[in-house]
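Coordinates in review
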Amino acid sequence: MASPHLHALSRHTLRQLKFIIPGAAVTFFLNTHRILFSLLSTPNASPGDWSRTVALLASCLGGLVVVLFLYILLLRWLRGVEPDYRSWRQSGVLSRVIPTLTAAIVAGWSLLSITLGKWSSLGYLKGTIGASGLYALVFGLMGLLPAPIRRS
């Protein structure tokens, strides 16, 4: 018989798989990851070509999302503060980090969608779908990270 802790872990994992499986399928079907790496590794063709610069900015914003998410998860150990996620607006640290995280998600996803739409063979519709798939995959994988246990 499975322990309740293992059952809860499995239920949480199944919820995250709803993001991981479609995100991975879209990412690999459209080759979003390869197209992005190609844009990042190709030097700008002309002085007016912004493809690499915008792809780099979109990647940096995506990296910032990951770092801020990990910071929120590790806040208890880094600052010795028990974060209250329900009233984050009243929290000194969370009231600054969560709006920054939200802005980084919106800006990073938008720039990635524009980059894939304008400077790849995907076009804007598939570029937006590809960016959404990549973000779903990353969020699903980050959601598998164990959250610190809250002590009452």
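Let me begin by describing the structure that accompanies this report.

Conventions adopted
- Residues numbered from 1 in each chain as written.
- Predicted model: local features only at pLDDT ≥ 70, side-chain atom pairs only at ≥ 80, totals over all residues.
- Heavy atoms only, no water.
- Phe/Tyr/Trp six-rings, centres within 6.5 Å; stacked < 30°, edge-to-face > 60°.
- Helix = DSSP H or I, 4+ residues; strand = E, 2+ residues; numbered from the N terminus.
- Buried < 20%, exposed > 50% of the residue type's maximum accessible area, 1.4 Å probe, protein only.
- Expected span 1.5 Å × (residues − 1).
- Contact = heavy atoms within 4.5 Å.

Further remarks concern the packing of aromatic side chains. Tallying each qualifying case throughout the model produces one aromatic pair. Between Tyr 135 and Phe 139, the aromatic rings sit 5.8 Å apart at their centres with planes inclined by 80°, giving edge-to-face as the arrangement. Note that Tyr 135 and Phe 139 are positioned in helix H6 (residues 123-143) at a spacing of four residues, about one turn of the helix. When its relative accessible area of 12% is taken as the criterion, Tyr 135 is described as buried. The class for Phe 139 is partly exposed, based on a relative accessible area of 31%.

Another point: helix H3 (residues 51-73). Taking 1.5 Å per residue, 23 residues should reach 33 Å; H3 reaches 33 Å between its end C-alpha atoms and fits that length. Along H3, the positions that sit buried rather than exposed are Ser 51, Val 54, Ala 55, Ala 58, Leu 61, Val 65, Leu 68, Ile 72 and Leu 73. Tucked into the core, H3 has its buried residues touching helix H2 (32-41), helix H4 (75-79), helix H5 (94-118) and H6.

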